[in-house]
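Chain and residue survey
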Amino acid sequence: IYGAWQSHERGNLYLAPDRILYNWRSFMAYTQIIELAAIAIYRLPRMLRITYTLPDDPQPQVIGFSMQYAEAWGQTLAIRSGMPLAIIEGRKKKT
């Protein structure tokens, strides 16, 4: 996994029948999802990574949620969105 992940805020993630809600304010329709991944790196928390598109911008966007049961959340999202879930496990490289 390349890039730097930063925690911007804490909040709650909800799965509605047709969309994901974050803190009841932000939402993403399941039809916007183009890729799902549950990621576990040695001794680090699991992360659910969602790649999606915005209605007015074709450039893919990526958001990650550090959470327990990321794989279970990902499987549910895969069913609802119709996109496959990638399971990524590995060890962090030594620098």
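Below: a short report on this structure. In every chain, residue numbers begin from 1 and rise along the written sequence. Residues qualify for local features only when their pLDDT is at least 70, as the model is predicted, and side-chain atom pairs are given and counted only at 80 or more; totals for whole chains, interfaces and linings, by contrast, use all residues. Excluded from the side-chain calculation are hydrogens and water; included are all heavy atoms of the structure.

Backbone hydrogen bonds are what pair the strands of a sheet, in a parallel or an antiparallel way. With mixed pairing, four strands are arranged side by side in an open sheet as β6-β5-β4-β7. Strands at the two margins of the open sheet, each flanked by one partner only, are β6 (57–66) and β7 (85–90). Adjacent strand axes in the sheet meet at a mean angle of 20°, parallel and antiparallel pairs treated alike. The pairing criterion is simple: DSSP has to find at least two bridges between the two strands. Note on conventions: DSSP H or I runs of at least 4 residues are helices, E runs of at least 2 residues are strands, and numbering of each starts at the N terminus. Bridging between strand β4 (residues 33–41) and strand β5 (residues 47–54) involves six bridges; their strand directions are antiparallel. Residue E35 lies in a different strand from β5, and its bridge partner there is T51. Contacts were defined at the residue level, with two residues in contact if any of their heavy atoms lie within 4.5 Å. Each axis is a line fitted through C-alpha atoms, taken for helices only over the stretch in contact, and angles between the N-to-C directions span 0 to 180 degrees. Taken strand by strand, helix α1 (residues 70–81) contacts β4, β5 and β7, and its axis lies near 165° from that of β4.

A separate point is the nonpolar core. In plain words, nonpolar cores are sets of buried Ala, Val, Leu, Ile, Met, Phe, Trp, Tyr and Cys residues tied together by side-chain atoms within 4.5 Å. Each residue is assigned to one of three classes by its accessible area relative to the maximum for its type, calculated with a 1.4 Å probe on protein chains only: buried under 20%, partly exposed between the two thresholds, exposed over 50%. Core analysis: the biggest nonpolar cluster contains 15 residues, and I20, I33, I50 and L77 have the highest contact counts within it. Those elements that place two or more of their residues in this core are β2 (19–22), β4, β5 and α1.

This part is about the packing of aromatic side chains. Only centres within 6.5 Å qualify two rings of Phe, Tyr or Trp (six-membered ring in Trp) as a pair; their planes then separate them into stacked at under 30 degrees, edge-to-face at over 60, and tilted for everything else. If you walk through the whole model with that rule in mind, you get one aromatic pair. Ring plane angle 50° and centroid distance 5.8 Å describe the contact between Y22 and F65, whose orientation is recorded as tilted. Here Y22, found in strand β2, pairs with F65, found in strand β6; they are 43 residues apart in sequence, far enough to count as distant. Criterion for a charge above a ring: Arg CZ or Lys NZ at most 6 Å from the ring centre, at most 35 degrees from the ring normal. Above the plane of the ring of F27 lies R19, whose end atom (NZ or CZ) is 4.7 Å from the centre.

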